[in-house]
Amino acid sequence: MRIIIFGAPGVGKGTQAKIIAAKLNIAHISTGDILRAAIKNETELGLQAKAIVERGELVPDTIVGAIIKDTLQEVRCKNGFILDGYPRTIAQAEILSNIFRELNTETIHLVKLRAKDEIIIDRISNRLVCGVCGNILAKNLVTEHFVCPNCKAEESYYKRKDDDEEVIKRRLKVYHEQTAPVFHYYADKAHVIEIDGTKNIDEISQDIFAKLV
Ligand code: AMP
């Protein structure tokens, strides 16, 4: 199955993408995770992307386009994939359509998660991320000497630099101006599903699976 999970930053795309990928045995491809790993490892890509990501702006389309093209050709994507955080501009959606044409990719499912900006700002301000596996948890659940429930790493949770309130507001502005139009691009190109992203994690997963197949 080929899926794009779509929605504003902090709406829960990453959490749901991991659940869907595990259940369908498909690859979870998060451009945000790929960029964060590159920044952490100080690769050439990381050095190019660091300041842009930390300001809450978008990395140039050509750079993320090249990442996606390479990644989709990896063996782990053969059985399908879920794209999380890509495409974020119309230009990226067009690059992706060209890649899909080259790879003869069949039906695309687009899952859009919806939530109001106030809810998103509140959620992102109160979340921490596991530095080892990327798992996300609410700040109030993470205590001293905490062990990640997902990968069992100890005391690995941190606050993302771009989860600062001012940066979150910039990311939402970028979303409304540059990413929201991508949804309309897919109206006649994908099987589109819209889901209420304000419910709890399990309810959202159930809603997605009920409409996906
Ligand atoms: P995310 O984890 O998806 O919220 O992404 C974190 C940050 O990585 C974004 O705010 C951007 O700076 C950058 N990023 C992730 N995906 C993309 C993309 N498709 N295009 C441009 N920048 C991206």
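Everything discussed here concerns the structure shown above.
Calculation rules
Residues numbered from 1 in each chain as written. Predicted model: local features only at pLDDT ≥ 70, side-chain atom pairs only at ≥ 80, totals over all residues. Heavy atoms only, no water. Near = heavy atom within 4 Å. Polar contact = N/O pair within 3.5 Å; in protein donor to acceptor, adjacent residues only side chain to side chain. Areas by Shrake-Rupley, 256 points an atom, 1.4 Å probe, with all protein chains shown as cover. Pairing = 2+ DSSP bridges. Helix = DSSP H or I, 4+ residues; strand = E, 2+ residues; numbered from the N terminus. Axes fitted to C-alpha atoms, helices over the stretch in contact; angles between N-to-C directions. Phe/Tyr/Trp six-rings, centres within 6.5 Å; stacked < 30°, edge-to-face > 60°. Buried < 20%, exposed > 50% of the residue type's maximum accessible area, 1.4 Å probe, protein only. Lys NZ or Arg CZ within 6 Å of the ring centre and 35° of its normal.

### Observations regarding the site of the ligand
The environment of the ligand is formed by 16 residues, the closest being Thr31, Glu57, Gly85, Arg88 and Gln92. Separating an oxygen atom of the ligand from a side-chain N or O atom of Arg36 is a distance of 2.9 Å. Note that a nitrogen atom of the ligand is positioned 2.8 Å from one of the backbone N or O atoms of Gly85. Here the ligand, which alone exposes 480 Å², has 96% of that area covered by the protein.

### Topic: the sheet that holds strand 2 (residues 27–30)
Read from one edge to the other, the open sheet built from five strands follows the order 2-3-1-4-8, with strand pairing classed as parallel. Of all the strands in the sheet, just strand 2 and strand 8 (191–196) have a single pairing partner and so form its edges. Within this sheet the neighbouring strands show an average axis-to-axis angle of 20°, counted without direction. Pairing of strand 4 (residues 108–114) with strand 8 involves six bridges; the strand directions are parallel.

### Regarding the sheet that holds strand 7 (residues 157–158)
Strand order in the open sheet made by the three strands is 6-5-7, with antiparallel pairing throughout. A single partner strand is all that each edge strand has here, and the edge strands are strand 6 (136–138) and strand 7. Pairing analysis gives two bridges linking strand 5 (residues 127–130) to strand 7, with the strands arranged antiparallel. Along strand 7, the bridge assignment pairs Val129 with Tyr158.

### Regarding the packing of aromatic side chains
Using the criterion set out here, one finds five aromatic pairs in the structure. Here Tyr185 and Tyr186 contribute two aromatic rings whose centre-to-centre distance is 5.1 Å and whose plane-to-plane angle is 75°, an arrangement assigned as edge-to-face. For Tyr185, a relative accessible area of 14% puts it in the buried group. A network of ring pairs unites the aromatic residues Phe6, Tyr175 and Phe183 as a single cluster. Taking the ring centre of Phe209 as reference, the NZ or CZ of Lys23 above it sits at 4.5 Å.

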